[in-house]
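Take a look at the letters that make up each chain.
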Amino acid sequence: MLHVNENYSKIKPTYLFAEIAHRVSAHQSAHPDAKIIRLGIGDVTEPLAPSVIAAMHKAIDDEAGKGEKFYGYGPEQGYAFLRDKIAKVDFQDRGMDIKADEILVSDGAKCDCGNIQELFGPDVKIAVGDPVYPVYVDTNIMAGRLDITLLPCTAENGFVPGPEAAGDADVVYLCYPNNPTGAIATKAQLQKWVDWANENKKLILFDAAYEAFIRTPGIPHSIFECEGARTCAIEFRSYSKTAGFTGIRCGYTVVPSELNAYAADGTPVPLKPMWTRRQTTKFNGASYITQRGAEAIYSSEGQAETKATIDFYLENAALVREALSAKGYKVTGGVDSPYVWVDVKGDSWEFFDKLLKEANIVTTPGAGFGKAGEGYIRISAFNSRANVLEAIERLNKVL
C-alpha cells in the first residue's frame, strides 16, 4: 500500500496567500469593474535596475554564442564571479569575516529557509517567532517536527523576543527586519541570541531578506556583525526585495566553516559540507544569466539604482504609516522595512474583508502569520506611488 506523508495533514490545508488569492478572486468576480489595489503579498512592482538588465542581456549573448563563452551546467554552489562579490561587498567591506567558499548561491531565500531543515535530525526542537513567516513552521511540520516553541512577538517587547523564551529549542529562526511586523532588532538584542546559542550548542537560522531596507544607523544588517556568530548561525539573503528578483529567483545562504551540529554520540559535524552536499545533489544552481544579473547589483551603478528603488518603497511605506497613524491606529514598521504592521483593534480577517469589500484594497491578515498576529494586518509598500496615494484616499473614506 502506498502511504502518504501524513505530516501534511497537520498543516493548514491552504497556504496563507492562496487563501487571500481565493477571496480576492471571488470579490473580483462579483465586482468585475472594481480596481483592486494590492498591498498584501510582498511582490515588487518597480522594474529591474538598468545595469541588471544590461548584464542579463550580455549574458544571453554569451549563452547564444555556442563557442568559448557558452555556459551549460554551472557550479551548484554558484559562480565564483558572484560569490566573490557577495563576500566582499555584503560582508568584508562591512567588517565581517565571511569567505566566498562559505556562500552558496540559490534560487531564493524561501527555498533555502525551507530546505535547510533537511540537515537536522527529526527530533530537533524548533523555535519561531509568533507571528511568523509561515514557511519556517510548515516545512518543519512536513518533516515531522511537531515540537515547535512559539516566541511571543508583541508590542510590549517591540516584536523582538529574547532567548529566555526559547526553552529547550535546538534551532531558532530569527528574521530582522521582520516579516511580517516590520520590526528591527538592535545589535545588543541579537548578541544575546548569539551568546545563548554558543553557550548551549544551539543554532540560529537568520533570515536577512530585508536587510537592504535598513536606514537607521547602528542597526545590524547581518547576524555576523555579532561576536561569535560564526560558530552558531546560518544566514539567508535574497535578491527578491533588494533588486526585484521575485520572478527571476536568486539568493544565497552563508554557512561558516567552523559551524557544527552534533552526531548522536556528541561528535561535532560541520554543517557547511552537509549543505554543500545537499545543494549539489538536489539543485543544479541558479542560471548563468541570473547570476550575471545578480553580479551587476554590486557595481557602483547597480548599488545606486537598487538603493533608489528601495528608497522609493520606503517612501511608500512612510506615506501609509503616516496616514494610518493620523487615523489613530498604532503601527510598527515602515521605517527600516517595506511592511507596515497595523493594530486594527479587532478580528484581522474581518478587517481584511472590510478593506477588500469597501475599498477594493488587498492587505494581509495578521492571523495568517500565527495566533499572536490576530488583531493586526500587514500592509506592503510594494506598489506604484499612484496606487499607494489612491489607496490612502480610499482608507481615509472607510476608516
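Below or above, wherever it landed, is the structure these notes cover. Within every chain, residues take consecutive numbers counted from 1 along the sequence as written. Residue-level local features of this predicted model are given only where pLDDT is at least 70; pairs of side-chain atoms are given and counted only at 80 or more, and the full residue set underlies all totals for whole chains, interfaces and linings. Working from all heavy atoms in the structure, the side-chain values ignore hydrogens and water.

### Some remarks on the sheet that holds strand S11 (residues 331–333)
Consideration 1: At least two DSSP bridges between two strands are required for those strands to pair. Only DSSP runs of H or I with at least four residues qualify as helices, and only runs of E with at least two residues qualify as strands; both kinds are numbered from the N terminus onward. The strand order S11-S12-S15-S14 describes an open sheet built from 4 strands, whose pairing is antiparallel. Single-partner strands in this sheet number two, and they are S11 and strand S14 (364–365).
Consideration 2: Judged from the 3 bridges that link them, S11 and strand S12 (residues 339–343) form a sheet pairing that is antiparallel. Note on S12: the bridge partner recorded for glycine 333 is valine 340.

### What about the state of the cysteines?
Linking two cysteines covalently through their sulfur atoms gives a disulfide.
Consideration 1: Working definition: a disulfide is two cysteine sulfur atoms within 2.5 Å of each other. This structure, assessed with the given rule, holds 0 disulfides.
Consideration 2: Lacking any disulfide linkage, cysteine 113 is separated from the closest cysteine sulfur, that of cysteine 175, by 7.9 Å.
Consideration 3: In this scheme, a residue with accessible area under 20% of its type's maximum is buried, one over 50% is exposed, and one in between is partly exposed, where area comes from a 1.4 Å probe on protein chains only. Note on cysteine 113: relative accessible area 1%, which makes it buried.
Consideration 4: Cysteine cysteine 232 is unpaired, with the sulfur of cysteine 226 as its nearest cysteine sulfur at 8.6 Å.
Consideration 5: On the accessibility criterion, cysteine 232 (0% relative accessible area) is buried.

### Describing the pattern of salt bridges
Consideration 1: Basic side-chain nitrogens of Lys or Arg form a salt bridge, by our definition, when they fall within 4 Å of a carboxyl oxygen of Asp or Glu. The tally for this structure, following the rule as stated, stands at 23 salt bridges.
Consideration 2: Here glutamate 102 and arginine 230 are joined by a salt bridge, their closest N and O atoms 2.5 Å apart. Taken together, the residues span a long stretch of sequence, with glutamate 102 in the loop between helix H3 (80–91) and strand S2 (103–106) and arginine 230 in the loop between strand S6 (203–207) and strand S7 (233–238) at a distance of 128 residues. No difference in accessibility class separates glutamate 102 from arginine 230, as the two residues are buried.
Consideration 3: A salt bridge links aspartate 147 to lysine 125; the shortest N-O distance between them is 3.9 Å. Here lysine 125 lies in the loop between helix H4 (109–115) and strand S3 (126–130) and aspartate 147 lies in the loop between helix H5 (134–142) and strand S4 (148–152), a separation of 22 residues in the sequence.
Consideration 4: On the basis of relative accessible area, aspartate 147 is assigned to the partly exposed category, the value being 39%.
Consideration 5: When salt bridges that share partners are traced, they join Asp90, Glu211, Glu235 and Arg237 into one network.

### Quick look at unusual backbone geometry
Consideration 1: Proline 131 follows aspartate 130 through a cis peptide bond whose omega is 10°.
Consideration 2: The topology assignment puts proline 131 in the loop between S3 and H5.
Consideration 3: The step from tyrosine 176 to proline 177 runs through a cis peptide bond, and the omega angle for that step is -5°.
Consideration 4: Counting through the fold element by element, proline 177 comes out in the loop between strand S5 (171–175) and helix H6 (187–200).

### Details of the sheet that holds S2
Consideration 1: As summarised here, the arrangement of the 7 strands in space is S2-S8-S7-S6-S5-S3-S4, forming an open sheet in which the pairing is mixed. Each edge of the open sheet carries a strand with a single partner, namely S2 and S4. On average, adjacent strands in this sheet sit at an angle of 20° to one another, irrespective of strand direction.
Consideration 2: As paired strands, S6 and S7 are joined by 4 bridges and run parallel to one another. Following the sheet pairing, aspartate 207 is matched in S7 by phenylalanine 236. Whenever a helix is involved, its axis is fitted only over the stretch in contact; in every case the axis is a line through C-alpha atoms, and angles between N-to-C directions fall within 0 to 180 degrees.

### Points about the pairing of S12
Consideration 1: Within S12, 4 of the 5 residues are buried, which leaves it mostly tucked inside the rest of the structure.
Consideration 2: Here S11 folds back onto S12, and the loop between the two strands holds 5 residues, one of which, glycine 334, carries a positive phi near 75°.
Consideration 3: The sheet contact formed by S12 and strand S15 (residues 376–380) spans 5 bridges and is antiparallel. Bridge pairing in S15 links valine 342 to isoleucine 377.

### Notes on the environment of valine 320
Consideration 1: If you trace the backbone, valine 320 turns up in helix H10 (residues 300–326).
Consideration 2: Judged by relative accessible area, which is 4%, valine 320 ranks as buried.
Consideration 3: Each C-alpha atom of the pair valine 320 and serine 380 lies 9.1 Å from the other, and the pair is 60 residues apart in sequence.
Consideration 4: Not counting residues up to four positions away in its chain, the partners in contact with valine 320 are Val340, Ile379, Val388 and Ile392. Every residue pair with non-hydrogen atoms within 4.5 Å of one another is taken to be in contact.

So far we have only geometry, and geometry alone does not tell us how the molecule works.
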